[in-house]
Amino acid sequence: LWQDEQRAAPELKLLVNLRLENRGRRHRFGISAVPPARLAAHLDMRGDFKGESLANPGLWRGRLFVQITRADIAAWGAWLPFPEEIKLNRGVGALRVWAGIGGADMNKVTADMRLHNVKARLAPTLPELNLTRLAGRVGWQKIDDKDSNGSQFFARRLTAVLYGKPPLPSLDFS
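Owing to the predicted nature of the structure, the values given are computational and were not obtained by experimental measurement. (Residues numbered from 1 in each chain as written. Predicted model: local features only at pLDDT ≥ 70, side-chain atom pairs only at ≥ 80, totals over all residues. Heavy atoms only, no water.)

Visitor: How would you sum up the nonpolar core? Please name residues and give values.
Guide: Counting residues in each nonpolar core, the largest one holds 34 residues, and the members touching the most others are Ile68, Trp76 and Leu134. Taken together, the elements giving at least two residues each to this core come down to β3 (42-50), β4 (61-72), β5 (87-102), β6 (105-121), β7 (129-144) and β8 (149-162). Of the residues forming this core, the biggest block, seven residues, is contributed by β6. Residues within four places of Trp76 in sequence aside, it is in contact with Trp2, Leu12, Pro35, Leu39, Ala40, Leu43, Ile68, Ala71 and Phe82. (Core = buried A, V, L, I, M, F, W, Y, C linked by side-chain atoms within 4.5 Å. Buried < 20%, exposed > 50% of the residue type's maximum accessible area, 1.4 Å probe, protein only. Helix = DSSP H or I, 4+ residues; strand = E, 2+ residues; numbered from the N terminus. Contact = heavy atoms within 4.5 Å.)

In structure tokens form, the structure reads like this:
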């Protein structure tokens, strides 16, 4: 049973295999889980973090990997921390996500996806997308340095089919 009080998410029942490894300041884990069929067929999550004490999570840094197969991606929003700028309202398919974590903040996300029946808004100032199919690699990175502040997005071999329209050409941008 997954109870995420920090995100105030509903309880989630999973059949889970868990592996933990701690060596000094390096902490790794792997979780293989079978969620309720309405959410997905399979969930794989791995983490590799460096930090000294759970009492001070703000000093931890690391990477997180999540893979979901045959998933209702939008339904996972209650449990997975999508960036605030991205609103995923509907989408079914497979997703692999790599995330960079610094303290309590996610600072980088890369996702490979093969989705259909997608409804999403990639930024508050952009129109909502309504797609029959969406596939490719997309990413987001927080920019916070002395010269600039904000977000950077990219796409590689991104293909999309809008409802009732012919397929759009493959897209690469950063």
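Visitor: Explain the layout of surface pockets to me, using residue names and the numbers behind them.
Guide: In this structure, the largest pocket occupies an estimated 1,300 Å³ of space. Lining the largest pocket are 29 residues, with Gln6, Phe29, Met45, Phe49 and Leu64 positioned closest to its centre. The set of elements that each furnish at least two residues to the lining of the largest pocket consists of β1 (15-23), β2 (26-34), β3 and β6. Tallying contributions element by element places β2 first for the lining of the largest pocket, with five residues. Class assignment for the residues of the lining of the largest pocket results in 21 nonpolar, four polar and four charged. Size it by volume and the second largest pocket reaches roughly 830 Å³. Together, 40 residues line the second largest pocket, and Ile86, Ala111, Met113, Leu122 and Val138 are the ones closest to its centre. Per-element tally for the lining of the second largest pocket: the top contributor is β6, with eight residues. For the lining of the second largest pocket, a count of residues per class yields 37 nonpolar, three polar and no charged. (1 Å grid on protein atoms, 1.4 Å probe; cavity = no way out; pocket = protein on both sides within 12 Å on 5 of 7 lines; lining within 4 Å. Points joined across faces, edges and corners; volume = space filled by probe spheres on them. Nonpolar A, V, L, I, M, F, W, Y, C, P; charged D, E, K, R; others polar.)

Visitor: Describe the packing of aromatic side chains, listing the residues and the values that go with them.
Guide: Per the stated rule, a full pass over the model turns up three aromatic pairs. Plain terms: the ring middles of Trp76 and Trp79 are 5.8 Å apart, the flat faces sit at 70° to each other, and that makes the pair edge-to-face. Judged by its relative accessible area of 1%, Trp76 is buried. A residue is classified by how much of its surface remains accessible, and Trp79, at 5% relative accessible area, is buried. (Phe/Tyr/Trp six-rings, centres within 6.5 Å; stacked < 30°, edge-to-face > 60°.)

Visitor: Tell me about the pattern of salt bridges, and please be specific about residues and values.
Guide: According to the stated counting rule, one finds nine salt bridges in the structure shown. With a shortest N-O distance of 3.5 Å, Arg25 and Glu52 are connected by a salt bridge. Here Arg25, found in the loop between β1 and β2, pairs with Glu52, found in the loop between β3 and β4; they are 27 residues apart in sequence, far enough to count as distant. Residue classification places Glu52 among the exposed residues on the basis of a relative accessible area of 67%. For Arg63, the salt bridge is made with Asp48, and the minimal N-O distance between the two is 3.2 Å. Of this pair, Arg63 sits in strand β4 while Asp48 sits in strand β3, and the two are 15 residues apart along the sequence. Since its relative accessible area comes to 15%, Asp48 is described here as buried. Overlapping salt bridges, with partners in common, bring together Arg19, Glu21, Arg23 and Arg28 in one network. (Salt bridge = Lys/Arg side-chain N within 4 Å of Asp/Glu carboxyl O.)

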